[in-house]
Amino acid sequence: MDNKLNEIRRKIRFLRTEMLSAEDNIRKRVNRDEDYSEAAVHLMSMRVVMLGLIGERNRLGGEERLLNVDERLKLDVRAAGRKPANGAPARFPAKASPGLDPGWGPVGVKKTRHIKNPEPRSDSNGTEKARGRRER
């Protein structure tokens, strides 16, 4: 029974790709103002075959439950199955510094310069110091 179920799933998968290419063909013909009635009839016959295959698959107990948006977000299936496109090298996340939280990532923070030996000032603006230099 598993072999029969797998064979039906394979046929469904193949038929889906054929239907997508037929739909693309119809869109191209519509954009060029060509007759697409024959392609549309062929697509409708593929849909009838697809419904028959799905019904047979469900009778054999291979019904696949479709997840709603919330369930798909909780599973995060896209992030786990992501592969680099066009042979691009895999990217690795930055490593955390030792002793820090593993989820920590380095942040580019501009370092500020500190005056090592600040001279005492009489007020916050340093106006007293400036007056003293003028008097010299």
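Residues numbered from 1 in each chain as written. Predicted model: local features only at pLDDT ≥ 70, side-chain atom pairs only at ≥ 80, totals over all residues. Heavy atoms only, no water.

Attention shifts here to the overall build of the protein chain. For the protein chain, the helix and strand inventory stands at five helices and zero strands. The helix and strand sequence of the protein chain, counted from the amino end, reads α-α-α-α-α. Taking all 136 residues of the protein chain together, the buried fraction comes to 11%. Counting only contacts in the protein chain whose residues sit at least 6 apart along the sequence, the fraction spanning at least 24 positions is 57%. (Helix = DSSP H or I, 4+ residues; strand = E, 2+ residues; numbered from the N terminus. Buried < 20%, exposed > 50% of the residue type's maximum accessible area, 1.4 Å probe, protein only. Contact = heavy atoms within 4.5 Å.)

Per-residue confidence for the protein chain gives a mean pLDDT of 76; residues scoring 70 or more make up 57%. Of all secondary-structure elements in the protein chain, the lowest mean pLDDT belongs to helix α5 (residues 127–135), at 54, while helix α2 (residues 37–59) reaches the highest, 93. (pLDDT = per-residue confidence, 0-100.)

As a further point, take the environment of Met 46. By the element assignment, Met 46 lies in helix α2. The class of Met 46 is buried, set by a relative accessible area of 7%. With 30 residues separating them along the chain, Met 46 and Arg 16 place their C-alpha atoms 8.9 Å apart. Contacts of Met 46, omitting those with residues within four sequence positions, involve Leu 15, Glu 18, Met 19 and Ala 22.

Counted under the stated rule, the structure contains five salt bridges. Note that Glu 56 and Lys 4 form a salt bridge whose closest N and O atoms lie 3.5 Å from each other. Of the two residues, Glu 56 is situated in helix α2 and Lys 4 in helix α1 (residues 2–31); the sequence distance between them amounts to 52 residues. Exposure remark for Glu 56: the relative accessible area of 25% places this residue in the partly exposed category. Between Glu 34 and Arg 32 there is a salt bridge, with the nearest N and O atoms lying 3.3 Å from each other. (Salt bridge = Lys/Arg side-chain N within 4 Å of Asp/Glu carboxyl O.)

Over its 30 residues, α1 extends 44 Å from the first C-alpha to the last, a length consistent with the 44 Å expected when each residue adds 1.5 Å. When we look at burial in α1, the residues that qualify are Leu 5, Ile 8, Ile 12, Leu 15, Met 19, Ala 22 and Ile 26. In this structure, the buried side of α1 is in contact with α2. Phi turns positive, to about 55 degrees, at Asp 33, one or two residues after α1. (Expected span 1.5 Å × (residues − 1).)

Turning to the packing of α1 against α2, a few remarks are in order. Packing of α1 against α2 brings their axes to within 10 Å, and their N-to-C directions diverge by 160 degrees. The pairing of α1 with α2 is recorded here as roughly antiparallel in orientation. Note on packing geometry: the crossing formed by α1 with α2 is left-handed. When the residues that make up the contact of α1 with α2 are grouped by side-chain class, the tally is 15 nonpolar, one polar and ten charged. (Axes fitted to C-alpha atoms, helices over the stretch in contact; angles between N-to-C directions. Parallel < 35°, antiparallel > 145°, perpendicular 65-115°, else oblique. Left-handed = near helix turned anticlockwise from the far one by under 90°. Nonpolar A, V, L, I, M, F, W, Y, C, P; charged D, E, K, R; others polar.)

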